[in-house]
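As a plain string of letters, each chain reads:
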Amino acid sequence: MTDRLLEIRNLEIDGESDEVWHEIIKGLDLDLDRGEVLGLIGESGAGKSTLGLAAMNFARPGCRIRGGTIRFDGQELTAQPETTLRKLRGVRIAYVAQSAAASFNPAHQLIDQFSEIPVVHNVKNRQEAESDAKDLYRRVLLPDPDAIGYRYPHQVSGGQLQRAMTAMALSCRPDLIIFDEPTTALDVTTQIEVLTTIRDIVREFNTAAIYISHDLAVVAQMADRIMVLRYGELVEEATTREMMTDPKMDYTKSLWAVRSFKKETETTATEINPVVKVDNVTAGYGQEDILKNVTFEIHRGQTVAIVGESGSGKSTAARVITGLLPPRLGNIQLNGEVLPKSFKARNKDQLRHVQMIYQMADTALNPRQRIRSIIGRPLSFYLNLTGQKREERIRELLSLIELEPDLYIDRFPDELSGGQKQRVSIARALAAEPEFIICDEVTSALDQLVAEGILRLLDRLQREFNLAYMFITHDLATVKAIADNVVVMLQGSIVEQGPKTDVFSPPHHEYTELLLSSVPEMDPDWLNELIMHREKHGVMASTSTS
Amino acid sequence: MTAQDATPLDPQIGRPRSTRLQGVFREILKAPITAKFGILVILVYGFVAIFAPVLTPYAETEIVGPQFDVWGEQFILGTDGLGRDMLTRLLFGARNTVGIAFITTVLAFVIGGLTGLFAAIYSGWFDQLASRVVDVLMAIPQLIFALMLLTIFGTSIPTLIIVIATLDATRIFRVTRAVSLNVVVLDYFEAARLRGERMFWLCIREILPNIMAPLMAEFGLRFCFVFLMIAALSFLGLGIQPPTADWGSMVRENAVLITYGDITPILPAIAIAILTLGVNFLVDWFLHKSSGLKDGH
């Protein structure tokens, strides 16, 4: 029994698109010892998940492992038939996916799905599996571990589901667990708990782990060693401390720089009167109120960041402002004028001044319309531009968003990357020449480098056109970068609001303190120190039911 | 330039698509043999339907020879019960049956499609009302309902078209509403709505281009069903009336010839079968391609 658990040499993986094979992984090496945690970092498309899955000789549909060797505990995997591999997967190598909700079958109880694995692989019988499940649920700190297994996936929260999935991965005591972005979809406060759980449990069972993420700060807490990937190739590999203190390659260094983007100049309100005022709004769907007595205002030339976790009411506030959800009480004012509650009752000019940019660029653009039509429609609809003038203006807008007009004007959305699509969404909002733009988590679905580009663009446009932004986000790093004023929301009410510097310096409201301290820092010891601090002060790690 | 936005991974992103026509042509060349057969069948039938008067040796209803004549030089496929040339009637039958079926399907799509789109966009009481009316109409067996309506309103060709189109529109309503609902919940639709776009724009420019694939497949299938229904109604005597050539009634008129071991009466039935088969193959390929694309992404 050697210490070396996984040895991958010269791995080559191809992906297929439109019947052409492209290289995804171009000759990578990977070593992993027993009990060691390896972090894989990179942007989307770098090949991290592909490499992680290759550790159990699995290629997603549309991909194939073209060459290289994969030795797991001395056994060569590449030539093995599916029957042999099936005995390994789930038993000795486990996989924890990014979306726990998509990985659990909604029709079965959690404990059924847990027990299925050891029973099918003849490792335990049903009784043993169930009692082991309860024991593991206790160790991953799920509330009420004896009973929670009998719930269905939709009856537990996201963070609890993710921990249940981690427990499920451990059911056969595997030698290696592959964690594929397990906390990316969670709020910062929940993320802390899940990270701690994973780290402790991996140590306790001496399991080797591959931790995949695009968030360097998170990986720094979990991994002993880090590999940075880009375009299917290795950029840099080092122990965590070495990489944190002394990164060698430029690309690695650039991953840091992202987190330190700050607005170049502090913008101040250019007018006394706010462009949009949310006045004592209470709104909800049906019986329950999602927003309770919410009041804030936004001035031209300024960015107000609405910050909060899922369920805090940020998106609902956006829907009330745009008129999609008429408020039960209170109203929305645009330049002092009270807006009709429903968007159907508003006139063109009122609609024009309130524009929205969405989170998922994929669904925000009509896939059957060319960029010319997408950007051109607001021009013809609101500003009655036609013919040559319209064409010129479209090109102007494309240049503004830093896309070469000749190259992009005739394309369809699926011929653009995520960042480019988001830029087109911005151009579409700008085309209407609004005073106020709602940015609903516009960078949450993008990689850090791409997101930084978008933030810079938005900043420049704000200064150039004196725009007011309402920036909805759950990411405090973004808030620190671009906000002038901050509104912190918790369960539908505003907990704290004011200029950024005021909100982010003590004394804080308790919840703001919790949020701020939950943002991972680029320090390998950060998580340890945070846990100790919280245990000492008896702080409840999360305000949600997990 | 946006260096960090460019994704050199995928060389497809970086040059615009070739023209629509080139793309379509390439796709057809790559299609499986069944789909090519389907396309061929449709082209041939379409050609025949359009150019029937020019192609046929005789006129549609002209009595030109002895009854039930054998296949020979003068009458390539023999004659029918009244002495009319079979080949001529077959070719004209293509024009009548296929033509009427096509018009009916188009009308069904206009009625059912628009109603389905409105139901998806408006939701609320309109959706409820339309869906319930459709439920009631669909609860009655289609053929019997058609027979009843045709008996009441007469069997002229316009009546035939309207009755069948209305009955089939119910199915189209269901399909259109279902696929439109998928589109209506997406962000870009909400963005268009918030802009203040009117119903026409929302239907035609936002939703319709995105539901073309399932709708076209449905068109092919509906066409076959309508076609078969017209043939069935004609066979029963309530569809296209004589002396107009129509495959369904031709089967009925010449059925007695079967007792002599002659396959002539089956010819119209074979013509119906081949067209249905061809359209189905084409629709299969179409559906496979459009759903396959979803998997790939």
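Residues numbered from 1 in each chain as written. Chains lettered and ligands numbered in written order. Predicted model: local features only at pLDDT ≥ 70, side-chain atom pairs only at ≥ 80, totals over all residues.

Colleague: Give a detailed account of the overall build of chain B, specifying residues and quantitative values.
Modeller: Across its full length, chain B carries eleven helices and zero strands. Referenced to the eigenvectors of the C-alpha coordinate spread, the extents of chain B come out at roughly 80 × 50 × 30 Å. Sequence-distant contacts in chain B: of pairs separated by 6 or more residues, those separated by 24 or more amount to 67%. (Helix = DSSP H or I, 4+ residues; strand = E, 2+ residues; numbered from the N terminus. Contact = placed C-beta atoms within 7 Å.)

Colleague: Could you give me a rundown of the nonpolar core, with the residues and numbers involved?
Modeller: Counting 146 residues, the largest nonpolar core has Ile306(A), Cys439(A), Phe471(A), Ile164(B) and Ile230(B) as the members making the most contacts within it. Here this core takes 15 residues from helix 3 (residues 86–122) of chain B, the largest share from any one element. Not counting residues up to four positions away in its chain, the partners in contact with Phe471(A) are Thr303(A), Val304(A), Ala305(A), Ile306(A), Cys439(A), Ile482(A) and Ala483(A). (Core = buried A, V, L, I, M, F, W, Y, C linked by C-beta atoms within 7 Å. Buried ≥ 20, exposed ≤ 12 C-beta atoms within 10 Å, placed from the backbone.)

Colleague: Can you break down the sheet that holds strand 15 (residues 337–338) of chain A residue by residue, with the values?
Modeller: Residue and element names in this part refer to chain A. The sheet built from four strands is open, its strands ordered 12-11-14-15 with antiparallel pairing. Across the chains shown, the open sheet's two edge strands, defined by having one partner strand only, are strand 12 (288–298) and strand 15. Examined bridge by bridge, strand 11 (residues 276–285) and strand 12 share seven bridges and lie antiparallel to one another. The residue bridging Val-281 from the neighbouring strand is Val-294, located in strand 12. Where helix 12 (residues 314–322) meets the sheet, it contacts strand 11, strand 12 and strand 14 (329–334), and its direction lies at approximately 110° from that of strand 11. (Pairing = 2+ DSSP bridges. Axes fitted to C-alpha atoms, helices over the stretch in contact; angles between N-to-C directions.)

Colleague: Tell me what's going on with helix 22 (residues 510–517) of chain A, and back it up with residues and numbers.
Modeller: Residues Thr512(A), Leu514(A) and Leu515(A) constitute the buried set of helix 22 of chain A. All buried residues of helix 22 of chain A project into a common sector of 160° when viewed along the axis, lining one side. (Arc of directions from axis to C-beta.)

Colleague: So what's going on with the domain arrangement of chain A? Which residues, and what values?
Modeller: Residue and element names in this part refer to chain A. According to the domain assignment, chain A contains domain 1 (4–260) and domain 2 (276–505). Between the C-alpha centres of domain 1 and domain 2 the distance comes to 35 Å. The residue makeup of the side of domain 1 that touches domain 2, split by class, is two nonpolar, four polar and three charged. (Domains from an automatic or database assignment. Nonpolar A, V, L, I, M, F, W, Y, C, P; charged D, E, K, R; others polar.)

Colleague: Quick one: what's the story with the packing of helix 3 of chain B against helix 4 (residues 124–139) of chain B, residue by residue and with numbers?
Modeller: Residues and elements named next belong to chain B. Contact geometry for helix 3 and helix 4: axes closest at 7 Å, N-to-C directions at 140°. Here helix 3 is positioned oblique relative to helix 4, judged by the angle of their axes. For the crossing formed where helix 3 meets helix 4, the hand is left-handed. Touching Thr-115, Phe-118, Ala-119 and Tyr-122 of helix 3 are Gly-124, Phe-126, Asp-127, Ala-130 and Ser-131, all from helix 4. Grouping the constituent residues of the contact of helix 3 with helix 4 by class yields five nonpolar, three polar and one charged. (Parallel < 35°, antiparallel > 145°, perpendicular 65-115°, else oblique. Left-handed = near helix turned anticlockwise from the far one by under 90°.)

Colleague: An account of the sheet that holds strand 4 (residues 63–72) of chain A is needed here, citing residue identities and associated values.
Modeller: Residues and elements named next belong to chain A. Pairing is antiparallel in the open sheet, where four strands are placed in the order 2-1-4-5. Strands with a single pairing partner mark the edges of an open sheet, and in this sheet they are strand 2 (20–33) and strand 5 (75–76). Note: strand 1 (residues 4–17) against strand 4, eight bridges, orientation antiparallel. Bridge pairing in strand 4 places Glu-7 opposite Arg-71.

Colleague: Go over the confidence of the model for chain B, please, and point to the residues and values.
Modeller: Predicted coordinates in regions of low pLDDT should not be interpreted in detail. All names here are of chain B. Per-residue confidence for chain B averages 84 on the pLDDT scale, and 91% of its residues sit at or above 70. Taken together, the stretch residues 1–15 has pLDDT below 50 and engages in 25 contacts with residues farther than four places along the chain or on a different chain. Segment residues 293–297: pLDDT under 50, and one contact once partners within four positions in sequence are set aside and those in other chains are kept. Predicted as a complex, the structure gets a pTM of 0.79 and an ipTM equal to 0.77. (pLDDT = per-residue confidence, 0-100.)

Colleague: Report on the pairing of strand 19 (residues 485–490) of chain A, specifying residues and quantitative values.
Modeller: On any regular strand, side chains alternate: one points to one face of the sheet, the next to the other face. Residues and elements named next belong to chain A. Across the six residues that make up strand 19, a large majority, six, are buried. Neither face of strand 19 is exposed, since Asn-485, Val-487 and Met-489 on one face and Val-486, Val-488 and Leu-490 on the opposite face are all buried. Where strand 13 (residues 303–307) lies against strand 19, four bridges are found, and the strand directions are parallel. Its bridge partner being in strand 19, Ala-305 is matched across the sheet by Val-486. In terms of strand pairing, strand 19 meets strand 20 (residues 493–499) through six bridges, oriented antiparallel. If you follow Leu-490 over to strand 20, its bridge partner there is Ser-493. Connecting the antiparallel pair strand 19 and strand 20 is a turn made up of two residues, with Gln-491 showing a positive phi of about 50°.

Colleague: Go over the environment of Gly154(B) with me, naming the residues and quoting the values.
Modeller: Residue position: Gly154(B) is located in the loop between helix 5 (142–153) and helix 6 (157–184). Put simply, Gly154(B) and Gly239(B) are 85 residues apart on the chain and 9.7 Å apart in space, counted from C-alpha to C-alpha.

Colleague: Can you lay out the environment of Ala273(B) for me, pointing to particular residues and giving the numbers?
Modeller: All names here are of chain B. Relative to the assigned elements, Ala-273 resides in helix 11 (residues 266–296). Look at Ala-273 and you get exposed, because 12 C-beta atoms sit within 10 Å. The sequence separation of Ala-273 and Leu-228 amounts to 45 residues, and the corresponding C-alpha distance is 9.2 Å.

Colleague: Please set out the pairing of strand 8 (residues 208–213) of chain A residue by residue, giving values where relevant.
Modeller: Residues and elements named next belong to chain A. Extensive coverage of strand 8 is indicated by the burial of six of its six residues. Here strand 3 (residues 37–41) pairs with strand 8 via five bridges, running parallel. Looking at strand 8, one finds that Val-37 is bridged to Ala-209. By the bridge criterion, five bridges tie strand 7 (residues 176–180) to strand 8 in an arrangement that is parallel. Residue pairing for strand 8: Ile-177 is matched across the bridge by Ala-209.

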